[in-house]
Amino acid sequence: MGDAVELEVGGRTVRLSSPDKIFFPERGFTKLDLARYYIAVAPGILRALRNRPTTLERYPDGVTGENFFQKRAPKNMPDWIPTAHITFPSGRSADEMCPTEEAAVLWAAQFGTLTFHPWPVRRDDVDRPDELRIDLDPQPGTDYDDAVRAAGELRAVLEEFGGLRGWPKTSGGRGLHVFVPIEPRWTFTQVRRAAIAVGREMERRMPDHVTIKWWKEERGERIFIDYNQTARDRTIASAYSVRPRPHAPVSAPLRWDEVGVAHPQDFDLATMPARFAELGDVHADMDDHAFSLEALLELARRDEHDHGLGDLPYPPEYPKMPGEPKRVQPSRARKDGTTTP
């Protein structure tokens, strides 16, 4: 595996053991390659993670080995990496790491972290999100180009309801994510309600192309707007995170004029450092903005009052939520003689 090496980033030195361990056999990328990648994009990924409780998706033996999600801060974490105390839907709680320095990302990579999953909150207020995250998830029979088409309409919807601006990025798979920085004034429940309002408006405008149906059997060949990604403890891979797929793709921040031109395959552990060196972080100005959700929440109120459209199902591991409809798969509900929204 080779002798341990010491790497410097942000004024700190981080020890990297087994630098020659193969992490991506298909491409031949090593643990050292992963570490050097995160050094190359360090300012960008720190911008995406700074002061956010962050879950680590770890592959200690590389992408073909066993993996796990680490929510609780590791006991051996250095004291210069702060934590935040967060509460899960179950009522349990934990202290999660909150990167504030570039070296924190490198330290996590030393322990096999490929993907970073930050909460949409900052550690000074862990109950009020400061990002509205829209996940455009291609269903079977659709692809990235379909997500691009949906993203164009989403951009128009955001502008129409409150003059919102989103920052797009590839998911690292076939989908797109659009993040909207918001004022930290609303609860997770309210932000999720705003996401549902966005999804319903998109569904009205593109009924053959977009769906907000929670149950897979109802989605068809459409782009699913996964509103539950805004629920408490649901996270989305950060910008610049490496994704656990054989070719080592990364979640790439894009400018809007790139969305229809670029493709997810363009961005991986080998190509992103050169792009970053040339362009820097194309989402660097996100933190300069904070938008209001009032217009989207008013849209949600109109949906409920005028059309009888209330809440939608939560994920199965969540406790039953107030106002939530029956969490029953439609085909099973028909068999049982019940109905679902």
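Look up a bit, the structure's there.
Below: a short report on this structure. Predicted, not measured: the structure shown is a model, and the values here were computed from it.

## Overview of unusual backbone geometry
Inference 1: In this structure, Tyr-240 is a non-glycine residue whose phi angle is positive, near 75°.
Inference 2: Here Tyr-240 is to be found in the loop between β14 (223–225) and α6 (272–279).

## Focus: the environment of Asp-268
Inference 1: Among the secondary structure elements, Asp-268 is positioned in the loop between β14 and α6.
Inference 2: Of the residues examined, Asp-268 reaches a relative accessible area of 7% and is grouped as buried.
Inference 3: Look past the residues within four positions of Asp-268 in its chain and what remains in contact with it is Arg-27, Tyr-37, His-247, Ala-248, Pro-249, Val-250 and Pro-273.
Inference 4: A distance of 2.9 Å separates a polar atom in the side chain of Asp-268 from the backbone nitrogen of Ala-270.

## Overview of the packing of helix α4 (residues 144–160) against helix α5 (residues 188–205)
Two packed helices can be described by the angle between their axes and the distance between those axes.
Inference 1: For the pair α4 and α5, the least separation of the axes is 10 Å and the interaxial angle reads 120°. Our classification of the angle between α4 and α5 gives oblique. Taken as a pair, α4 and α5 cross one another with a handedness that is right-handed. In this structure, α4 contributes Ala-150, Glu-153, Leu-154, Val-157 and Glu-160 to the contact, and α5 contributes Val-198, Glu-201, Met-202 and Arg-205.
Inference 2: Here the residues of the contact of α4 with α5 are counted per class, giving five nonpolar, no polar and four charged.

## Some words on the packing of aromatic side chains
Inference 1: Following the criterion strictly, the structure yields nine aromatic pairs and no others.
Inference 2: Between Phe-24 and Phe-29, the aromatic rings sit 6.4 Å apart at their centres with planes inclined by 75°, giving edge-to-face as the arrangement.
Inference 3: Assessed through its relative accessible area of 0%, Phe-24 is described here as buried.
Inference 4: Overall, the relative accessible area of 11% leaves Phe-29 in the buried class.
Inference 5: Their ring planes at 80° and their centres at 5.5 Å tell us that Tyr-240 and Phe-276 sit as a pair that is edge-to-face. You can see Tyr-240 sitting in the loop between β14 and α6 and its partner Phe-276 sitting in helix α6, a full 36 residues away along the chain.
Inference 6: By relative accessible area, which is 1% here, Tyr-240 ends up buried.
Inference 7: Taken together through their ring pairs, the aromatic side chains of Tyr-37, Tyr-38 and Phe-116 make up a single cluster.

## Observations concerning the pattern of salt bridges
Inference 1: Summed over all chains, the structure comprises 27 salt bridges.
Inference 2: Between Asp-303 and Arg-204 there is a salt bridge whose closest N-O contact spans 3.1 Å. With a gap of 99 residues between them, Asp-303 in helix α7 (residues 294–307) and Arg-204 in helix α5 connect regions that are remote in the sequence.
Inference 3: Judged by its relative accessible area of 2%, Asp-303 is buried.
Inference 4: The exposure class assigned to Arg-204 is partly exposed, which follows from its relative accessible area of 40%.
Inference 5: Its salt-bridge partner being Arg-255, residue Asp-257 comes within 3.4 Å of it at the nearest N-O pair.
Inference 6: By relative accessible area, which is 35% here, Arg-255 ends up partly exposed.

Definitions and cut-offs
Residues numbered from 1 in each chain as written. Predicted model: local features only at pLDDT ≥ 70, side-chain atom pairs only at ≥ 80, totals over all residues. Heavy atoms only, no water. Helix = DSSP H or I, 4+ residues; strand = E, 2+ residues; numbered from the N terminus. Buried < 20%, exposed > 50% of the residue type's maximum accessible area, 1.4 Å probe, protein only. Contact = heavy atoms within 4.5 Å. Polar contact = N/O pair within 3.5 Å; in protein donor to acceptor, adjacent residues only side chain to side chain. Axes fitted to C-alpha atoms, helices over the stretch in contact; angles between N-to-C directions. Parallel < 35°, antiparallel > 145°, perpendicular 65-115°, else oblique. Left-handed = near helix turned anticlockwise from the far one by under 90°. Nonpolar A, V, L, I, M, F, W, Y, C, P; charged D, E, K, R; others polar. Phe/Tyr/Trp six-rings, centres within 6.5 Å; stacked < 30°, edge-to-face > 60°. Salt bridge = Lys/Arg side-chain N within 4 Å of Asp/Glu carboxyl O.

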